[in-house]
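# Structural overview for review
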Amino acid sequence: MSEHTVRIVVDGRELEVPKGELVIKAAQDNGTYIPRFCWHPRMKPVGMCRMCLVFIDSGRGPMLTTACTTPVADGMKVDTTDPAVKKAQEGILEFLLINHPLDCPVCDRGGECPLQDQTMAYGPGESRFVEEKRHFEKPIPISDLVMLDRERCILCARCTRFSEEVSGDPLIEFLDRGYHTEVNTFPDHPFRSYFSGNTVQICPVGALTATLYRFRARPWDLVAVESTCTHCTAGDRIVIQASQNEILRFLGVDAEATNQGWLSDKCRFGFGYINSDQRLTVPLIRDGDGFREATWGEALDLIAQRLGDVIRTSGPDAVAALGGARGTNEDAYALSKFMRTVVGSNNLDCRMDDTLDAEFLAATVDRALISDIDRAKTILVWGPDLKEEHPTLYLRVRRAAIGSVPGLVSSNSDAHLAAAAGATLVVVHPRATGLDPVADFKLTYRPGSGAELLAQLRAGEGRLAEVRAALAEGPVVALVGRTGSTEDPRLAEAVAAFVRTLPDAKILPLARRANTYGALDMGVAPTLLPGRVSISEETFTAWGDIPRKPGRDCRSILEGALAGDIQALLLVGADPVRDVPDGDLADRALDAVPFLVAVDLFLTDSAGRADVVLPADGFGEKEGTVTNLEGRVQKVNAIVPGAGQSRPDWSILDDLARRMGSSLGFGSAEAIAKEIAEVAPAYRGVTWDVLDWEARDGVVVPGGEGTQPLVYLPADTPGPIIKADLVLHSARTMYDDGVTMRHTPHLHRLAPGAALHVHPDDAARLGLGFRARVVGSSGSATLPVVTDPSLARGVVYVPFNQPGCPPLGSDPRVTVEPA
Amino acid sequence: MNETRLVTRRMADHPADSHTIERYEATGGYSQARRSLQMGRERLVELVKESGLLGRGGAAFPAGMKWSFLAPARPAYLVVNADESEPGTYKDRQLLERDPHQLVEGIIIAAVANEVHHAFVYVRGEYARPARRLQRAVEEAYGRGYLGKDIFGSDYDLEVVVHLGAGAYICGEETALLNSLEGHRGEPRLKPPYFPAATGLYGKPTIVNNVETISNLPHILELGADGFRKLGHPEDTGTFLFSVSGHVRKPGNYELPHGITWRELIFEVAGGLREGRTLKCWIPGGASAPWFVPADHLDLEITKDATGRAGSMLGSGAVVVMDDTTCVVRAAQRIVRFFAHESCGQCTPCREGTSWLEMILGRIEEGAGREVDVDVLLDVADNISVGLAWPPRMTTICPLGPSAVSPVSSITRYFKDEIMAHIHQAGCPLR
């Protein structure tokens, strides 16, 4: 017995269990399941349903006690089988069922219902209740995504606790009391939470159902596969469920390393686009102002011929590719290899000019794991609003900041105590963020003046002395990224450089688009080769003779297209017109480039201008791996066939290579994975076999045999300080006008919409009425005006990529006038 | 039999103005609070311990011992439980309404004894007039420098907040009260921690005392521990306020020492029953308590221990007397309905079970009972309160659910025939 364990006896079996563990968990981990409804391992126990009553003897004789509220103690005896325990449990189930409607045949939960299952296992055979049951109006919508049936509810407080304790949107609560207690929302305040779907998943009955899933399937009709969500960069583990070749539901998987079971609603409900009837199903070739359908052979031959022409007449550097961050590592590897070995160009970039330096994202030193957040003494978030852009990281940071992390038992009592007390959270962002309510320190600054604030924070003088002192308390975990599209990307790196001077500090660099890290690791960047290898690294010989001069990045590619230097451009799951902050530049570049190919799921604003459009397989339609922001490689799996004639990116590129008289040498995605495991140093040994069977939570690279040849030290050059009378902050929101959201209508309509947010004083000073015209460095729009006293004076905010508003540019200087 | 007036002395002597600060000070008020500041903490706690004062909120826990459990962390809080809501209990109402300064003085003494600088009085939501009187008294005490900064010219600060509840019986349960005071739903907290003295209001060490308990403090200082002990029974020192109601000629609050018999209380103090009526049963200590019947309990001594040994409790001193015109099924149903209505709804057995009991009793009373209903009643009751034991072996977080079982266990124990008569005659035999 170590100092971190105690001995208890469960049903006559002596067990050694972690100190501080709850009886219900200790028993379960050792094979004794104690029935429960309200207890959830990721939330504080409430002991309300009373289903887990068992005999616990702490030295004063056996007493009926709730196992979910009792921590183990040395010498404790637990009896889960005594007739008195059985009677108590039967009694509770009878009580729970007296008012339950038993409408299981028409309930979504039927077949996967904890109430059904535990009634079968622990309940009485029949009910003695002959009175009238309690009635409520049958399902009422409590948001656009969730329906509530109060008759089915057993009042376990899982949903109410989740929204208060975990997500921090306490919009769903108990109303009334006693027999008339009901769960409901407050009048005129719908359950508009970014995380509402989690309550549906953890509801132990069919009280909360997802509007999208209602009556769509019975659990026994579903096929399922585990996968990794690709809406954000956290790499959340999910189960995809489908019936009759249609994806119907995503569920969160409790992976300790990443999402701990939770999902954002964007992830959970954001699959509508896969089933969209707007999907591209056949190759298209430009025909005047429109397109005509073509065969794969015809389309690929045309591309091969035109690319060949460009390479012959203008050289390989006249060809460029954008994209790769939305697909798998295998797809990205294929793109990287295609550009280097078939075309002979380093002009490729998976970033859309809206994120950070490629080396910094791929190979920065002192990279943190997500789980380091739990044990940090101090957490610094200087980057995007996590709640909007990295929702499950928001949950993790929030939990760490408020403390009392359930499930973190005293394997190390110091860490346990620190975690219970909560980390010191410092949030730096130009405007209000979702983490502000739990932050110990919140610093705001005007876009363009971040470097000034960083210098002040480093000096730690005046009002920043306290913050600086907090940051000196390690371990420190810093989540750094670009706070918005008008911020110089070098600022985040300079923040990281500062963080490296702090004690025991680790960094999570934040980027957009789920597989940006994987694509960079596969070399989809002008300066990188697979496996975190610099383009100039001569020891990388796997691809033979490849160009060694750094190529053009996204911005330079677009500028090159505009200047006539780029003659052919491949878009692989990229929509620069909507994604590049300097939308005007992207717009003109795509118009200017003589030959444009788009590989995509939809005819996006960018693909609509292409000469050839090729239909690609989407999420859930192809197998592969993705890499999250920690460098964690995980599997994504296929469960439905692609739309029409769609194919995975790698297969399209492989086919194209052959038609260009070359070959990528791929036979399958798994074969590519094997090649990656051999060719890319950081990915050595990471095969699908390992990920499918040995490491379900993924492998963090480099690990095992892997090495990381490129080690990048963040540069301490934050970029110029830009001051202006009025500066623009433009950042992403969870729901926007991106291509996947646009084709997922039930989420698309939740986008906040294009608007100009301005401080009331500025609105008055500028004489703004209901609408205003805003002119940025690379775009303009006339937008509704929203006054927002939480903004700093002189700062205007426009949510990025909303329906009806183009990107406004990457320069913070902006002018606003009444319209 | 005469009352032994201590906490009700002033209101008896000066019925017109016992609640005013002028009368209070003219009758020696606030002198003990002044003294307490000189006595210091240890001596005060010791004095209360020696006095043997038991908590008057219902649990009869030794007040001095509760104080000595107070954790050393500061700030600590004093919370006065004035959420008197037990059916039949109305003693604190009188103390609040008729002698609020006595309570304020007690609060000062308790605060000094426990090194507390913030006290809260949680007053039952329906007690508008008592709350106004208390509020006024607190303001007057502030005005004279007895509360606030540097009370009585010392360097001791004490803030007192009067908080009105929102009409929930459960907030009389001390941890539900603390939740309510913090702005949460009035729901009892999980135990452990068992005592707010370790983790209470806002997670800080907290003393929760009843109005009557606190009101006794100035008298204990005045009489000394021995003087106080002499007033009462050796086991239950001091006086005790009985709220006698129901079928007696003279219902009301009576301040008496422990140790008299039920016969004396009902037939002498409360004037006995009306002409031609006989005693059927009574509730000895509030609606939660199992009932007593004349054949077994009339000559029992009224003390905490004797009542406990007989399977019930003195609780908050509410004695509800029922004569032979009472339908016990209806009476039990009314009490169960109260608890069902007041259940906070957290625990399944209480939320669902109490209403179920109410429905079955209602059905029997209306004449739609079945013989099997008696068994169902007892088994449902058993699933709320295992073995129908008293004190209860609970399946719930707090004793509210098991309290609803008391009338069921009482009528099935003493009046089975009357229940069966309801069932066989398809209606109430007393109507």
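Residues numbered from 1 in each chain as written. Chains lettered and ligands numbered in written order. Predicted model: local features only at pLDDT ≥ 70, side-chain atom pairs only at ≥ 80, totals over all residues. Heavy atoms only, no water.

### A closer look at the sheet that holds strand β1 (residues 77-82) of chain B
All names here are of chain B. With parallel pairing, four strands are arranged side by side in an open sheet as β3-β2-β1-β4. Looking along the sheet, the strands with just one partner apiece sit at the ends: β3 (159-164) and β4 (206-210). Put simply, the sheet's adjacent strands are angled 20° from each other on average, direction ignored. As judged from the five bridges shared by β1 and β4, these two strands associate in the parallel manner. (Pairing = 2+ DSSP bridges. Helix = DSSP H or I, 4+ residues; strand = E, 2+ residues; numbered from the N terminus. Axes fitted to C-alpha atoms, helices over the stretch in contact; angles between N-to-C directions.)

### Observations concerning the packing of aromatic side chains
The description of an aromatic ring pair uses the distance of the two centres, along with the angle that the planes make with each other. In this structure the tally under the stated criterion is 29 aromatic pairs over all chains. Aromatic side chains A:F95 and B:W356 sit 6.1 Å apart centroid to centroid with 85° between the ring planes, which places their arrangement in the edge-to-face category. With one member in each of two chains, A:F95 in helix α2 (residues 83-98) and B:W356 in helix α15 (residues 348-366) form a pair that bridges those chains. Each member of the pair, A:F95 together with B:W356, is buried. Ring centres 5.9 Å apart and planes at 85° place the aromatic pair B:W282 and B:F292 in the edge-to-face group. One end of the pair, B:W282, is in strand β7 (residues 279-283); the other, B:F292, is in the loop between β7 and α12 (294-297), and 10 residues separate them in sequence. A relative accessible area of 1% places B:F292 in the buried class. Grouping aromatic residues by their ring pairs yields a cluster made of A:Y333, A:F540, A:W543 and A:F666. Sitting over the face of the ring of A:Y179, A:R134 holds its NZ or CZ atom 4.7 Å from the ring centroid. When the ring centre of A:W688 is taken as origin, the NZ or CZ atom of A:K635, which lies over that ring, is 4.3 Å away. (Phe/Tyr/Trp six-rings, centres within 6.5 Å; stacked < 30°, edge-to-face > 60°. Buried < 20%, exposed > 50% of the residue type's maximum accessible area, 1.4 Å probe, protein only. Lys NZ or Arg CZ within 6 Å of the ring centre and 35° of its normal.)

### Some thoughts on the pairing of strand β6 (residues 252-257) of chain B
All names here are of chain B. Burial runs high along β6: six of the six residues are buried. The sheet contact formed by strand β5 (residues 239-246) and β6 spans six bridges and is antiparallel. In the strand pairing of β6, F242 is matched with Y254. Connecting β5 to the antiparallel partner β6 that follows it, the hairpin turn spans five residues.

### Quick notes on the interface of chain B and chain A
Across the boundary between the two partners, chain B contributes 35 residues, which contact 33 residues of chain A. Linking chain B with chain A are six salt bridges. Measuring nitrogen to oxygen at the nearest pair gives 3.0 Å for the salt bridge that ties A:K87 to B:D379. The interface formed by chain B and chain A holds 19 residue pairs in polar contact (both at pLDDT 80 or more) in total. Of all the elements in the fold, those that place two or more residues in the side of chain B that touches chain A are α14 (328-342), α15 and α16 (371-384) of chain B. Top element by residues in the side of chain B that touches chain A is α15(B). It accounts for 10 residues. Of the residues that constitute the side of chain B that touches chain A, the class distribution is 15 nonpolar, 11 polar and nine charged. (Contact = heavy atoms within 4.5 Å. Salt bridge = Lys/Arg side-chain N within 4 Å of Asp/Glu carboxyl O. Polar contact = N/O pair within 3.5 Å; in protein donor to acceptor, adjacent residues only side chain to side chain. Nonpolar A, V, L, I, M, F, W, Y, C, P; charged D, E, K, R; others polar.)

### What about the state of the cysteines?
Covalent bonding between the sulfur atoms of two cysteines defines a disulfide. Residues and elements named next belong to chain B. Throughout the structure, instances matching the rule amount to zero disulfides over all chains. Not part of a disulfide, C171 finds its nearest cysteine sulfur in C344, a span of 9.2 Å. Free cysteine: C281, not disulfide-bonded; nearest cysteine sulfur from C327 at 11 Å. (Disulfide = S-S within 2.5 Å.)

### Observations regarding the domain arrangement of chain B
Often the size quoted for an interface is simply the accessible area lost on bringing the parts together. Residues and elements named next belong to chain B. Each assigned domain of chain B is listed with its residue range as follows: domain 1 (9-230), domain 2 (239-323) and domain 3 (328-424). A separation of 22 Å is found between the C-alpha centroids of domain 2 and domain 3. Residue-level contacts link 15 residues of domain 2 with 14 residues of domain 3. With both sides pooled, the region where domain 2 packs onto domain 3 buries about 1,200 Å², and carbon together with sulfur makes up 70% of that total. On the domain 2 side of the interface with domain 3, the three residues burying the most area are K280, S288 and W291, jointly 50% of the side's total. There are four residue pairs in polar contact (both at pLDDT 80 or more) connecting domain 2 and domain 3. Breaking the side of domain 2 that touches domain 3 down by element, the ones donating at least two residues are β7 and α12. Among the elements that make up the side of domain 2 that touches domain 3, the one with the highest residue count is β7 (three residues). (Domains from an automatic or database assignment. Buried area = accessible area lost by both parts, 1.4 Å probe.)

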